[in-house]
Amino acid sequence: MTKQQVGGGTQSAGQGAALGVEQRSIDFVPPEERHGSVWRLFTVWFGANMQVTTAVTGALGVVLGLPLPWALVALVVGNLLGAIFMALHSAQGPKLGIPQMIQSRAQFGFYGAILPLLLVVLMYVGFFATSAVLGGAALADWWGIGRTPATIVVSAVCTVLAAYGYRLIHQYEQWVSLIAAVGFLYLTYHLLTGHHVGRVWHSGHVGAGTFLLVVAIAATWQITYAPYVADYSRYLPEDTSVRAAFWWTYGGSVLGTVWMMAFGSVCAAVAAKSFEGGSVSFVVGLAEPHWAFSLIIVLGIVAVNVLNLYGMFMSATTTLTALRPMRMNAGVRLVFVLLAAVVGTVVALAASADFLHNFENFILFLAYFLIPWTAINLIDFYFVRKERYDIDAIFRPDGVYGGFNWRTIGAYVIGVLVEVPFVSSTFFTGPFVKHLGGADISWIIGLIVASALYYVWMAPVARRVADASPRGAET
């Protein structure tokens, strides 16, 4: 096998022969190792969203006070908008052949990228924990055991899949997409025919602030995938078109998410407190046999949590190799994945019983930090550097991207700060919110400001860097 430099260490190239164990981590995937079909991006993101955590997020539309029809409209609008940014990241994988977050070094600098990386690791831990809570509940009901051992079992399955890596994850998501689609189609039928949905289908009072808050929650759900979308497209052939990568990713994510969020909203409307207090039990109880639907829920939780765990591993590796070069062999890889799973599981076991309330706060909290990052990353890729990067320099602190890019860091920090006056949450409400009827438009403000500042400050610099770079080093 060939060798590729990884943060100063070495990395065996290729996909391992033994059971398809992935040998690469954050390093560049050369053209001769590219494989797969772009349509598989659909099953990755459809499968990851066809699970009960997505339904719980959709339930917030009703829990926060919107009438069911308007909750559905807000969720659809939010997903259609948020998935645009999420899917735009997907094209970066085939073009660059590297994971999503290490590409941030081209914007923030070799060491400066640690700032968004740490925030993304926090995101992975939070989403892993919240999904593990629901997966543990489903497995506990199915096996008749305590939630603690059930949660540990679910996390262990995710650990195995994440340790094997890219190829097995794609295969798993493909099968889960089919199983979940059939199972939830049956559950959706029973939900709509077994409950009086007509009784809760009324227009009612619609507050503009609440409507925009639900739009923000749905958009944020999509955007929180942005830091790892390219991780699952980076092995695709270099000639994979931007259009194909975008639409297969967008279609899978929007279809799966809108279906599950609508399902969750209807559940919350017809079941009220019984869904909020025991969402897994309510869903499983919709149809017989209960064990089969408990299994489907567990499979769906594993489908999304293996992405969270794999992303945790990739981001932690990117951070630590910037501080200390290391050789990423199979043993080190397993240790990283196992430690990430332990941290996420411990947080899951310590989770508060007030699940929906805390989950709402968590995903809104993430938005304030992820929106400026995704804006900067996409503006850089599509408008500033226009897909041209010196891949070798991304792995070197003395490369053309430098150790710290203070222009980018400034645009990012300002993008976060300008959001603050428009924040509407249970732990903080900005001074401008009351003038907007309680609406949270912070994510829109952060997106616009970070994009504009980054383009103005970095476009001239990027042109000089591109002119100075060896032509053969760019991709």
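Residues numbered from 1 in each chain as written. Predicted model: local features only at pLDDT ≥ 70, side-chain atom pairs only at ≥ 80, totals over all residues. Heavy atoms only, no water.

**Q** I'd like a description of the nonpolar core, backed by residues and values.
**A** Of all hydrophobic cores here, the largest spans 143 residues; its most connected members are Trp-45, Phe-184, Tyr-225, Phe-263 and Leu-309. Looking at this core, the element that brings in the most residues is helix α14 (residues 290-323), giving 15 residues. Apart from residues no more than four positions distant in its own chain, Phe-263 is found in contact with Ala-55, Phe-184, Leu-187, Thr-188, Leu-191, Val-283 and Leu-286. (Core = buried A, V, L, I, M, F, W, Y, C linked by side-chain atoms within 4.5 Å. Buried < 20%, exposed > 50% of the residue type's maximum accessible area, 1.4 Å probe, protein only. Helix = DSSP H or I, 4+ residues; strand = E, 2+ residues; numbered from the N terminus. Contact = heavy atoms within 4.5 Å.)

**Q** Can you break down the side chain of Ser-155 residue by residue, with the values?
**A** Assignment of secondary structure puts Ser-155 in helix α7 (residues 147-164). On the accessibility criterion, Ser-155 (4% relative accessible area) is buried. Among residues more than four places away in sequence, those in contact with Ser-155 are Phe-128, Ala-132 and Thr-345.

**Q** Can you tell me about the pattern of salt bridges, naming the residues and giving the values?
**A** Opposite charge on two side chains allows them to pair when their charged atoms are near. For the structure shown, the criterion picks out seven salt bridges. The salt bridge involving Arg-24 is made with Glu-33; its shortest N-O contact spans 2.8 Å. Judged on exposure class, the residue Arg-24 and its partner Glu-33 are both buried. Asp-380 serves as the salt-bridge partner of Arg-385, at 2.5 Å between the closest nitrogen and oxygen. Overall, the relative accessible area of 8% leaves Arg-385 in the buried class. Each of Glu-22, Arg-234 and Arg-333 takes part in one network of salt bridges that share partners. (Salt bridge = Lys/Arg side-chain N within 4 Å of Asp/Glu carboxyl O.)

**Q** Can you break down a positive patch on the surface residue by residue, with the values?
**A** A contiguous patch of positive charge on the surface is contributed by Lys-386, Arg-407, Arg-463 and Arg-464. Considering the arrangement of structural elements, one finds Lys-386 in the loop between α16 (355-384) and α17 (391-394). Note on Lys-386: relative accessible area 57%, which makes it exposed. (Patch = residues over 30% accessible without salt bridge, like charges linked within 9 Å, V, L, I, M, F, W, Y side chains within 5 Å. Areas by Shrake-Rupley, 256 points an atom, 1.4 Å probe, with all protein chains shown as cover. Lys, Arg positive; Asp, Glu negative; His and termini not counted. Charge placed at Lys NZ, Arg CZ, Asp CG, Glu CD.)

Function cannot be read off these values alone, since they describe shape.
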